[in-house]
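# Survey of secondary and tertiary structure
Next come the chains, spelled out residue by residue.
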Amino acid sequence: MSGFEAFGFNTLIDQKLPVQLLTSLLSKGTIPHALLFVGPNGVGKLTAAGIFAMACNCAGKKDYLLPNGEITANDSMDLHYTADPCGRCRSCRKILSGNHPDIISIKPSGSLIKIGQIRTLCNTLALKPYEAKNRFVIIAGAHAMNKEAGNALLKMLEEPPNRTVFILTALQKSDLLPTILSRCQQIMFNPVSCECIESFLEKNYDFNNGERKIYSKMADGSLSKAQQMAQGPGGPRYWLIRRNWLIDEACALSSRPIGSLLALAEKLSKKKDAITEVLDVIVTWLRDLVIHKYYPEKIVNSDLSDKIKKISLQESVESLVSKIEAVRTAQRKIDANANLRLTLEIMLMRLAQL
Ligand SMILES: [Zn+2]
């Protein structure tokens, strides 16, 4: 793969429609003041925002798309933009290294984008861009703006500063103020298909077929989740080893003394960042135990099918469903900032059916 391909729109996997829409804006030279990229986590929304910002500022002498779809070597940049940033000019290199003064990134600090962050942005935007032809403000997780921050942003969207493009990303439209929605051109990103995640894993990691299937199903449409799983601290199979350990622990819960449940809760609570992943593994395991009763070919942990078959026969659907509910309840409480260790203790006791 040449350097050029490594940062163009063709690095986005399984996002044909959004790429078509963005390249068509570039070829027409009609860059909106505000764009909203909507879609699940880890599908390439921020990558697309970065490439778009590069394309709108690239000064490389390359072929340019004309509005009629023809390609010209003309580098008159006022009328149209390249759909393939060069990656070598000063502007491209600064954006790639994250050091461009006119590409401003905002993301939640903690769980919120706070009014202070938007006020600081407002002060910055009152000044002219330093050097960019098109300054970009990329707001990741715009759904995390509280009402105050949202209203402050709205004022800027209503009177957009010169040569400034806003790109907001969000999980779903309904999380944003309708007044903000109406100011943005919306572009929908899809979950990445299992097939595309599998072929991505095949190109980049040394997995067998079965492993690729498990990783792609667990990634649930998110390419970056698949990547994180495959880049575990102990190598690509670290995730599988940890999954096996977690499933063994989950299976042994009901035969253990309560002291060891409490110890497990404490151990898990020490890695707060990994909790969602832990709960995902447990829920998928429990779901496999239910699914195996009806569609054994549809389980996710297909390498453990013998074990799943054996345990599935021993447990009723009602009991499994109530265990799944126990894990979901724990996730909701953790999302709402409940005490992590206590929440896990209660969840493990319910899983052990004490
Ligand atoms: Zn360039």
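What this report covers is the structure whose coordinates are included nearby. These numbers come from a predicted model, not from an experiment.

A side chain with one charge may pair with a side chain of the opposite charge, provided their charged atoms come close. Summed over all chains, the structure comprises 13 salt bridges. A salt bridge links Glu198 to Lys213, with the nearest nitrogen and oxygen atoms 3.9 Å apart. With Glu198 in helix α7 (residues 194-204) and Lys213 in helix α8 (residues 209-219), this pair connects stretches of sequence that are 15 residues apart. Residue classification places Glu198 among the buried positions, given a relative accessible area of 18%. Here Lys213 falls in the partly exposed class, since its relative accessible area comes to 38%. One salt bridge connects Arg287 with Asp288, and the closest N-O pair in it is separated by 3.4 Å. According to the relative accessible area criterion, Arg287 is partly exposed, its value standing at 34%. Via salt bridges that share partners, Arg90, Lys94 and Glu131 belong to a single interconnected network.

Those donors, Cys58 (SG), Cys86 (SG), Cys89 (SG) and Cys92 (SG), are the protein atoms that reach the zinc ion, and they lie 2.3 to 2.4 Å from it. Because the angles between the four donor atoms bound to the zinc ion fall within 100 to 121 degrees, the donor set is best described as tetrahedral. Donor residues binding the zinc ion come from one chain and are separated in sequence as C-x27-C-x2-C-x2-C.

The phi angle at Asp14 is positive, at roughly 60 degrees, despite the residue not being glycine. Within the element layout of this structure, Asp14 appears in the segment before α1 (16-28). Assessed through its relative accessible area of 31%, Asp14 is described here as partly exposed. Of note, the phi angle at Arg163 is positive, near 50 degrees, even though the residue is not glycine. Following the sequence through the fold, Arg163 ends up in the loop between α5 (147-158) and β6 (164-170).

Calculation rules
Residues numbered from 1 in each chain as written. Predicted model: local features only at pLDDT ≥ 70, side-chain atom pairs only at ≥ 80, totals over all residues. Heavy atoms only, no water. Salt bridge = Lys/Arg side-chain N within 4 Å of Asp/Glu carboxyl O. Helix = DSSP H or I, 4+ residues; strand = E, 2+ residues; numbered from the N terminus. Buried < 20%, exposed > 50% of the residue type's maximum accessible area, 1.4 Å probe, protein only. Donors = N, O, S within 2.8 Å, 3.2 Å for Na, K, Ca; no water. Tetrahedral: all angles 85-135°; square planar, octahedral: opposite > 155°, others 65-115°.

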